[in-house]
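Chain by chain, the residues:
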Amino acid sequence: MLEKVKTPDDVKKLNLNELKILSKDIRERIIDVTSRTGGHLAPSLGIIELTVALLKVFDPLMNRIVWDVGHQSYAYKILTERNDRFETLRQYGGISGFNNIFESKYDAFGVGHSSTSISAALGIYIGKELKKNPEKVVVVIGDGAMTAGEAFEGLNNTGGLNKNLLIILNDNTMSISKNVGGIHHYLANILTGKRYNKIKKEVWDLVQSLPKLVRKKIITGVRRLEDSILSMLVPSSLFEDLGFKYIGPINGHSIPTLVKILSNVKQHVEVPCLVHIITKKGKGYNFAEQDATKFHGVSAFNNETGELNKTKAKKSIPTYSQYFGKILTKLAEEDEKIVAITAAMTDGTGLKEFRDRFPKRCFDVGIAEQHAVTFAAGLSIEGIKPFVAIYSTFLQRAYDQIIHDVALQKLPVKFAIDRGGLVGEDGPTHHGAFDLSYLRCIPNMTIMSPRDGEELKKMLKFMAGYKKGPIAVRYPRGTLHNYPELTNTRIYYGKPEIVLEGGDIAIITIGTVFKIGYEVYKKLQSKRINSYLINARFAKPIDSELLQNLYDNGVKFIVTIEENAIRGGFGSGILEKANELGLKFKKFKMFGIPDKFINHGKISKLHNLIGLEPKNILNIIFNEYAKSN
């Protein structure tokens, strides 16, 4: 079917039976490609029938379709002229794993973070209205994303303005991990309501007593009636009170039902409307249905066994996230005041072991980073030691709370910033490129970053005892580094580790890019060029004594290496401190992430593109060193 269905117009020509066949082909295509490239498999499998129905009913260039997060839009990509490039999914130079307005005319809005869709769609609709061409705008948002405040801000504004938006609530009881909170329980109660299930059981029992031929016909009719029964019995007041016409819940895998309801909404509803569909995450692929969390965002795998394609060597090395969770659990065994907070990322941030060991001290607040930070501030007021584990890119969403609710009050909230640096195939919406920059300018904030796993362990222990204000540790995606040949010394506040010393060049690194600095150091030594190798440990405060000593000892050339934006980052901090001290080093070179958004692709490829690799750094050092000598 995919050989003849290339565009949304082709979808419109298909009958209902052909749409079912198309859905099957899309499901097989997505499983096949993601088994080789990795990607967000389970979310996309759960929404294929809806995607097909949407393109059967709506024109995506006229009735703009805004996907929340966008990780569930693989079927949409396939059906909007990108199937021929689908095998390049998340590869450098290939198509993105999310919606991207620079990639396709069919992508109405760029996404990657949750809960932005309703606000964006309202803006798009009103923009069309102001240009005198209002057309219904469609939003697809998951129940997990509905736990975030921005989604309700959008709902409130849309209902108040009474604009012609169609919001499709994809309810699969999951975001990445299992959903939590009152909204989740409200939606769950709809499907477990006593009245609905009592009627369903009575009707089903009656049908089973009938002759086989009659029973088959009646079962078909009853299934068609099920959506109508649900609509009569659902307590829909939450959305109706916000100004929306509520329809549902309905079977999100029934193409005939979806096409009928979406067609009716398109033709007859001109007010804000919310259609509530029930889907199964991972639908049609048994392994993903059984473990939707594992297959939410997955690396390459064997599609026949569901096993991930990981090398035996790497299986024995924990990731930084896993090691963080393990060490925090051990610290919590010794200190009952330690609690953990995450925003719908218990598994992703490595907190599963902590949650299992201390269920009453582990708080998954849903996709609500702002709440997570202020919640931690409140805990801190009472003398509790909250560790807030959030990906770097998602912590951006809580910036005001970090400043106003935590730093301003000098509260000792502990931030565990996961995925610091480039994350690879998820691309610019998920790279942790800015945390050192956006935290470094905040008064009272302390920022650390370890060179390896052993240093992360020491930093977490240091954080647990720190009481003078907020403190953060940032670490990358990937497995632990280890340097058995080097001594790992004690952590002292604000003090770096001078690993190796000598010469008039100083290589100063922050975090796990120490590996790059170490390789540069060894290459310089092989050329008989002596240098200092310094593991900064702290991005804030910058140690004045270190810079003064380097200057006094004849260092002329400072090289800083970080996996963060150069603008406002760690290197900028070193330069600012040198300027403050009046130290005029002859040469100063900063290596990090340049002033642009970095595309998706393998991390090694991205490092090569931005010059964050030993070969490039060495070439520049050799050139500069030759000029000065």
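Our subject is the structure that appears above.
Reading the values: rules and limits
- Residues numbered from 1 in each chain as written.
- Predicted model: local features only at pLDDT ≥ 70, side-chain atom pairs only at ≥ 80, totals over all residues.
- Heavy atoms only, no water.
- Helix = DSSP H or I, 4+ residues; strand = E, 2+ residues; numbered from the N terminus.
- Buried < 20%, exposed > 50% of the residue type's maximum accessible area, 1.4 Å probe, protein only.
- Contact = heavy atoms within 4.5 Å.
- Areas by Shrake-Rupley, 256 points an atom, 1.4 Å probe, with all protein chains shown as cover.
- Pairing = 2+ DSSP bridges.
- Right-handed = clockwise from strand over helix to strand, strands pointing away.
- Axes fitted to C-alpha atoms, helices over the stretch in contact; angles between N-to-C directions.
- Phe/Tyr/Trp six-rings, centres within 6.5 Å; stacked < 30°, edge-to-face > 60°.
- Arc of directions from axis to C-beta.
- Salt bridge = Lys/Arg side-chain N within 4 Å of Asp/Glu carboxyl O.
- Parallel < 35°, antiparallel > 145°, perpendicular 65-115°, else oblique.
- Left-handed = near helix turned anticlockwise from the far one by under 90°.
- Nonpolar A, V, L, I, M, F, W, Y, C, P; charged D, E, K, R; others polar.

Undergrad: Honestly, the overall build of the protein in this entry has me stumped. Any pointers?
TA: Secondary structure summary: the protein contains 26 helices and 17 strands in total. Out of the 629 residues belonging to the protein, those deemed buried represent 56%. For the protein, contacts bridging at least 24 residues in sequence account for 76% of all contacts bridging at least 6. For the protein, the accessible surface area stands at approximately 27400 Å², while carbon and sulfur atoms represent 52% of it.

Undergrad: What should I look at first to understand the pairing of strand β14 (residues 532–535) in this one?
TA: Regular strands have side chains that alternate between both faces of the sheet. Because side chains alternate across β14, one face comprises the buried residues Tyr 532 and Ile 534, and the other comprises Leu 533 and Asn 535, equally buried. Looking at chain direction, strand β12 (residues 497–500) and β14 are connected through three bridges and run antiparallel. Bridged to Leu 500 within β14 is Leu 533. The sheet contact formed by strand β13 (residues 505–509) and β14 spans four bridges and is parallel. Bridged to Ile 507 within β14 is Leu 533. Tracing the backbone out of β13, into helix α22 (residues 514–526) and back to the parallel element β14 gives a crossover that is right-handed.

Undergrad: Quick question: what am I supposed to make of the sheet that holds strand β1 (residues 65–67) here?
TA: By definition, the strands of a sheet pair up through backbone hydrogen bonds, in either a parallel or an antiparallel sense. Spatially, β1-β2-β3-β5-β4 is the arrangement adopted by the five strands of the open sheet, whose pairing is parallel. The open sheet is flanked by β1 and β4 (245–251), the only strands paired with a single partner. Each adjacent strand pair in this sheet contributes to an overall mean axis angle of 20°, direction not counted. When strand β3 (residues 165–171) meets strand β5 (residues 273–278), the two strands line up parallel, connected through six bridges. Looking at the pairing, Asp 171 lines up with Ile 278 of β5. Contacting β1, β2 (137–142), β3 and β5, helix α4 (residues 48–57) crosses the sheet at an angle of about 160° to β1.

Undergrad: Looking at this structure, I do not really get the packing of aromatic side chains. What am I missing?
TA: Geometrically, a pair of aromatic rings is defined through the distance of the ring centres and the angle of the planes. Applying the stated criterion to the full structure yields 22 aromatic pairs. Between Phe 434 and Phe 597, the ring centres sit 6.2 Å apart and the planes meet at 80°, which makes this aromatic pair edge-to-face. In this pair, Phe 434 sits in the loop between β9 (414–418) and α20 (435–440) while Phe 597 sits in the loop between β17 (587–593) and α25 (603–610), placing the two residues 163 residues apart along the sequence. In this structure Phe 434 comes out as partly exposed when scored by relative accessible area, which is 30%. We classify Phe 597 as exposed; its relative accessible area is 65%. On the numbers, 5.6 Å between centres and 65° between planes, the contact of Tyr 493 with Phe 538 is edge-to-face. Note that Tyr 493 is positioned in the loop between β11 (471–474) and β12 and Phe 538 in strand β15 (residues 538–540), a separation of 45 residues in sequence. Accessibility expressed as a relative area gives 2% for Phe 538, which makes it buried.

Undergrad: What's the story with α25 in this structure? I'm lost.
TA: Owing to its 3.6 residues per turn, the α-helix brings residues three or four apart onto one side. Along α25, the residues classified as buried are Leu 606, His 607 and Ile 610. Seen along its axis, α25 keeps its buried residues to an arc of 100°; they face one direction. Against β16 (557–565) and β17 lie the buried residues of α25. Directly beyond the C-terminal end of α25, a positive phi value near 75° is found at Gly 611.

Undergrad: Could you clarify how one ought to interpret the pattern of salt bridges in this entry?
TA: For side chains of opposite charge, pairing can occur when their charged atoms come near one another. The tally for this structure, following the rule as stated, stands at 29 salt bridges. With its nearest N and O atoms 2.8 Å apart, the salt bridge here joins Glu 28 to Lys 24. One end of the pair is Glu 28 and the other is Lys 24, both in helix α2 (residues 16–37) and four residues apart, which spans about a single turn. For Glu 28, a relative accessible area of 43% gives the class partly exposed. The shortest N-O distance in the salt bridge between Asp 543 and Lys 495 comes to 3.0 Å. Of this pair, Asp 543 sits in the loop between β15 and α23 (544–552) while Lys 495 sits in the loop between β11 and β12, placing them 48 residues apart in sequence. A residue is classified by how much of its surface remains accessible, and Asp 543, at 14% relative accessible area, is buried.

Undergrad: Could you clarify how one ought to interpret the sheet that holds strand β8 (residues 385–391) in this entry?
TA: An order of β7-β6-β8-β9-β11-β10-β15 is seen for the seven strands of this open sheet, with the pairing classed as mixed. Taken across any chain shown, the strands that pair with only one partner, and hence form the sheet edges, are β7 (362–364) and β15. The sheet shows a mean angle of 20° between the axes of neighbouring strands, taken without regard to direction. For β8 and β9, the ladder comprises five bridges, and the chain directions are parallel. Looking at β9, one finds that Ile 390 is bridged to Ile 417. Packed onto the sheet, helix α17 (residues 369–381) meets β6 (338–342), β7, β8 and β9 and runs at close to 165° relative to β8.

Undergrad: Please clarify how the packing of α2 against α4 should be interpreted in this entry.
TA: A pair of packed helices can be characterised by two numbers: the angle between their axes and the separation between those axes. Here α2 crosses α4 at 130°, and the two axes come no closer than 9 Å. Considering their axes alone, α2 and α4 lie oblique with respect to each other. Between α2 and α4 the crossing geometry is right-handed. On α4, the residues touching Leu 19, Leu 22, Ser 23, Ile 26, Arg 27 and Ile 30 of α2 are Ile 48, Glu 49, Val 52 and Lys 56. Broken down by class, the residue content of the contact of α2 with α4 amounts to six nonpolar, one polar and three charged.

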